[in-house]
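Secondary and tertiary structure notes
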Amino acid sequence: MTRTNVMNGALILPGKANAEIGPLFVSDDRIDTVGRADPHGETLDATDLIVAPGIIDLGVFATDKPAFRFGGITRAALMPDQSPAHDDPATIRFAGRKGKPDFWVHPLAAATKGLDGQHMAEIALMKEAGARGVATGRHWIADSGIMLRLMRYCEMLDLPLFVHSEDAGLTGSAVATSGANATLLGLASASAAAEMLSIQRDLVLAEESGVHIHFRQVTTARGLDLIRVAKAKGVRVTCGITPAHLFLSDTALTGFRTFARLSPPLRSEDDRLACIAAIADGTIDVLSSGHDPRGPEDKRLPFADAAPGMAGAETLLALSLNLVRDGHISMGRMFELLATTPGRILGVNAGEIAEGMEADLIFIDPETPWQVDSDKMAAMAGNTPFDKLPVQGRVRKMMKGGRIL
Amino acid sequence: MTSLQTASSDRFPAGSAAFPHKHLLGIAGMQPWEIAFVLQEAEQWVALNRSGAAKHDDRLRGLTIINAFFENSTRTLLSFEIAGKRLGADVVNMHAAQSSTKKGETLIDTAMTLNAMRADAIVIRHNSSGAVNLISEKVDCPVLNAGDGTHEHPTQALLDALTIKRRKGRVDGLIVTICGDILHSRVARSNMLCLTALGAQVRVVAPPALMPVGVDLFGVQPFHHFDEALHGSDVVMMLRLQNERMQGDFIPSPREFFHLYGLDARRLALAKPDALVMHPGPMNRGVEIASHIADDLERSAITEQVEMGVAVRMACLDILTRKARGVEGWA
């Protein structure tokens, strides 16, 4: 039996805007007591460090342990967009074991077989194999009838449904958002209304079915407006975003930079500012990395031929801290977005520092300056759209299930 | 983003290089005086090309130029080949249909291969926007963009500007109307940038589905009705419908398209009496342009555009290889 007293750290506690210095007693894999040390415990000194819940990254495309370690991510929900797609119990069971013990993967079940958008996968069996959510992957389910049946099924099984919000009829083969930048570069583009259209339909169906719907990435002003209205009406809806859509607009495509080829694509500056506002007013519930490491064979191609996606795990925390530094949210709120809410959506006993919770902790020095460098990343590939950006905030230590890593 | 339009001026600022670019990737990024410099350089090649039997200049002797065409082309490829050969270079053509790109080699590997063969200039056409920029980052020699996807086709814009300038005596202040499939046209993009940089007032005409978003930021005026746009035009430039780049229906039929956007005698009468008709080719007679207009040598500059194409490409090949050839003032 291990007994550890975390001493002198600034604790991120539920409902508190700012970190508060105090002791924390961890017994075995659980947080035993907050605010009081155990006389028999060993001491772990956390002076000058913030002690926060480990990040729960809601929606990654690869199990990339070195990158998660660097980024302070202790758990991640793995998207079913794998090769082959995670659409049966065996792959779900296997994926769930991959990172243990120091890192936990919560695989999301593919909503349809092979993510084809047409035939429902064996969701109940995948739930028994460990799936804590269902996802449509990087695809939109075009058939509203299938979508409604899928939602009802997920509601019955009490599983959240993660959806991708782009009306595929409108996006077609587009690789950028319509606007002067896409026109200047001669890239196939689609109206940002594609997001709003798909969100509107899915909200209507979600309300009818009663499912908990999670829009993994909402990136436009009009999409966020719809979510605001639905939340006010009491629809079970949450939504997320990645730092890319908060800090970059479609001007980042200049020079055909394929690291900025994302799905959904980067938006206009007006939409970007609307996303920041939605972080500040609480419309957006989750910050995640969308981690999708892609090597040169996927990225050193003409823009339209390159695969979408970015390596985001390492930069998630440091970029999120910019939101605190700029005064949009408090430190406490930031960890609700990074850990608490994702933990609740997945239904895991983690994501906040409270008695009885799994002892998944990260120890952060929020001021340490460093530079994002695509050539020196811990991830499987360095496809970051934030290359060469100076940032602040570094994870110094990690604890997973009471064990120091 | 603010307006992309550059102030109209072909005056050369003191102290700057005549053409400081290593590659010719697009009109975007070129200054008005640099465009004017290329056009001025091309004049000597127009004269040479018209001089009769001995249309030859040996300044590129010993240099190897590779025309790497990943997309089919007849006139542009031929034009670049003739341009290189008239300047004495060894010109090699690579057709994608016969190349290892069909065997799965990546574009970068193909570029590295061409680079290893020590080409002195590479001319590239590719069906993907930005592909030429990508190759230019990986090779040591100058790269000339002969058309990339729906991005740019800079030598076409330069030859169009030269044609207009020679026929009209100027570009500055003219009203140029470009009509057709603006959305899928790299020619339209390069021409919008080039002609506005040279001071022309550019109008673009297309149905909404074929009009790119944000086109007004190029400093051009968008129109949906051809007749409106034609009033007072000095130049009417027709574009081809790029059916190969369209997915799904953009227009109901060629017949209806010609009805709304085809250039016939009635429409042409709406423009200025001496309005010049242009087309980058290949033409679809009866779809975007009536045959008798295309063939009217008084009004149509279509064959002259082809002629200017060779001269402009000779100028570009000459200018871009000056540094490597150690030409005084360029080394």
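Structure first, text after, so check above.
This section reports on the structure supplied with the text. Since the structure is predicted, the reported quantities are computational estimates derived from the model, not experimental observations. (Residues numbered from 1 in each chain as written. Chains lettered and ligands numbered in written order. Predicted model: local features only at pLDDT ≥ 70, side-chain atom pairs only at ≥ 80, totals over all residues. Heavy atoms only, no water.)

1. Observations regarding the packing of aromatic side chains
Counted under the stated rule, the structure contains 4 aromatic pairs over all chains. An angle of 70° between the planes, with centres 5.2 Å apart, marks the rings of Phe70(A) and Trp370(A) as edge-to-face. Of the two residues, Phe70(A) is situated in helix H1 (residues 65-71) and Trp370(A) in strand E19 (residues 361-371); the sequence distance between them amounts to 300 residues. Their ring planes at 25° and their centres at 6.0 Å tell us that Phe37(B) and Trp330(B) sit as a pair that is stacked. Remark: Trp330(B) occurs in the segment after helix H11 (302-325) and Phe37(B) occurs in helix H1 (residues 32-49); sequence separation between them is 293 residues. (Phe/Tyr/Trp six-rings, centres within 6.5 Å; stacked < 30°, edge-to-face > 60°. Helix = DSSP H or I, 4+ residues; strand = E, 2+ residues; numbered from the N terminus.)

2. Overview of a nonpolar patch on the surface
On the surface, Met120(A), Tyr153(A) and Met156(A) cluster together to form a nonpolar patch covering roughly 280 Å² of accessible area. Here Met156(A) shows up in helix H4 (residues 144-157). (Patch = residues over 30% accessible without salt bridge, like charges linked within 9 Å, V, L, I, M, F, W, Y side chains within 5 Å. Areas by Shrake-Rupley, 256 points an atom, 1.4 Å probe, with all protein chains shown as cover. Salt bridge = Lys/Arg side-chain N within 4 Å of Asp/Glu carboxyl O.)

3. Some details on the packing of helix H2 (residues 75-86) of chain B against H11(B)
In a packed pair of helices, the relevant descriptors are the angle between the two axes and the axis-to-axis distance. Residues and elements named next belong to chain B. The interhelical angle for the contact between H2 and H11, taken along N-to-C directions, is 50°, at an axis separation of 8 Å. Classified by the interaxial angle, the pair formed by H2 and H11 is oblique. In this structure, the crossing between H2 and H11 has a hand that is right-handed. Seen from H2, the contacting residues are Arg 75, Thr 76, Ser 79, Phe 80, Ile 82, Ala 83, Gly 84 and Arg 86; seen from H11, they are Val 306, Gly 309, Val 310, Arg 313, Met 314 and Leu 317. (Axes fitted to C-alpha atoms, helices over the stretch in contact; angles between N-to-C directions. Parallel < 35°, antiparallel > 145°, perpendicular 65-115°, else oblique. Left-handed = near helix turned anticlockwise from the far one by under 90°. Contact = heavy atoms within 4.5 Å.)

4. Re the interface of chain B and chain A
Facing 22 residues of chain B, the contacting portion of chain A comprises 17 residues. Each partner contributes to the roughly 1600 Å² buried at the junction of chain B and chain A, and carbon and sulfur atoms together form 66% of this total. Counting the contacts that link chain B with chain A gives 4 residue pairs in polar contact (both at pLDDT 80 or more). Counting residues per element, the ones that place at least two in the side of chain B that touches chain A are helix H3 (107-116), helix H4 (131-136) and helix H6 (186-197) of chain B. Counting residues per element, the side of chain B that touches chain A draws most heavily on H4(B), at 3 residues. Split by residue class, the side of chain B that touches chain A holds 11 nonpolar, 9 polar and 2 charged. (Buried area = accessible area lost by both parts, 1.4 Å probe. Polar contact = N/O pair within 3.5 Å; in protein donor to acceptor, adjacent residues only side chain to side chain. Nonpolar A, V, L, I, M, F, W, Y, C, P; charged D, E, K, R; others polar.)

5. Topic: the pattern of salt bridges
If you walk through the whole model with that rule in mind, you get 39 salt bridges over all chains. Of the charged contacts in the structure, one is a salt bridge between Lys233(A) and Glu207(A), with a shortest N-O distance of 3.1 Å. Here Lys233(A), found in helix H8 (residues 221-233), pairs with Glu207(A), found in helix H7 (residues 193-209); they are 26 residues apart in sequence, far enough to count as distant. The exposure class assigned to Lys233(A) is exposed, which follows from its relative accessible area of 56%. In this structure Glu207(A) comes out as partly exposed when scored by relative accessible area, which is 42%. A salt bridge links Lys272(B) to Asp234(B); the shortest N-O distance between them is 3.0 Å. One end of the pair, Lys272(B), is in the loop between helix H9 (265-268) and strand E9 (276-278); the other, Asp234(B), is in the loop between helix H7 (226-230) and strand E8 (235-238), and 38 residues separate them in sequence. Overall, Lys272(B) belongs to the partly exposed group, its relative accessible area being 32%. The exposure class of Asp234(B) is buried, given its relative accessible area of 5%. When salt bridges with common partners are traced through the structure, they connect Asp29(A), Arg30(A), Arg75(A), Glu358(A), Asp360(A) and Lys400(A) into a single cluster. (Buried < 20%, exposed > 50% of the residue type's maximum accessible area, 1.4 Å probe, protein only.)

6. Description of the sheet that holds strand E4 (residues 24-27) of chain A
Residue and element names in this part refer to chain A. Strands sit in the order E5-E4-E1-E6 across an open sheet of 4 strands; the sheet is mixed. If you trace the sheet from one side to the other, it starts and ends with strand E5 (30-34) and strand E6 (42-45), each paired once. Strand-to-strand, the axes of this sheet are offset by a mean angle of 30°, without reference to chain direction. Here strand E1 (residues 3-7) pairs with E4 via 4 bridges, running antiparallel. By the bridge assignment for E4, Arg 3 is matched with Ser 27. (Pairing = 2+ DSSP bridges.)

7. Focus: the sheet that holds strand E8 (residues 55-60) of chain A
What holds strands together in a sheet is hydrogen bonding between their backbones, with the strands either parallel or antiparallel. Residues and elements named next belong to chain A. Ordered in space as E8-E9-E10, the 3 strands form an open sheet in which the pairing is parallel. Of all strands in the sheet, those with a lone pairing partner are E8 and strand E10 (104-107), marking the two edges. Pairwise comparison of adjacent strand axes, ignoring direction, gives a mean angle of 20° for this sheet. Sheet strands in contact with helix H2 (residues 89-97) are strand E9 (73-78) and E10, and its direction is about 160° off that of E10. Against the sheet, helix H13 (residues 331-346) touches E8, E9 and E10, its axis set at about 60° to E8.

8. A closer look at the packing of H7(A) against H8(A)
Residue and element names in this part refer to chain A. At a minimum axis distance of 8 Å, the contact between H7 and H8 shows a crossing angle of 15°. Comparing the axis directions of H7 and H8 gives the class roughly parallel. Read as a crossing pair, H7 and H8 show a hand that is right-handed. Contacts between H7 and H8 involve Ala 193, Glu 195, Met 196, Ile 199, Gln 200, Leu 203 and Glu 207 on the former and, on the latter, Arg 222, Gly 223, Leu 226, Ile 227, Ala 230 and Lys 233.

9. A few points about the environment of Asp298(A)
Residues and elements named next belong to chain A. Of note, Asp 298 is situated in helix H11 (residues 296-299). What makes Asp 298 partly exposed here is its relative accessible area of 23%. It is 21 Å that separates the C-alpha atoms of Asp 298 and Lys 65, two residues lying 233 residues apart in sequence. Residues in contact with Asp 298, not counting those within four places in the same chain, are Ala 306 and Ala 307. Within the structure, the side chain of Asp 298 is placed 3.3 Å from the side chain of Arg 294, a separation counted as a polar contact.

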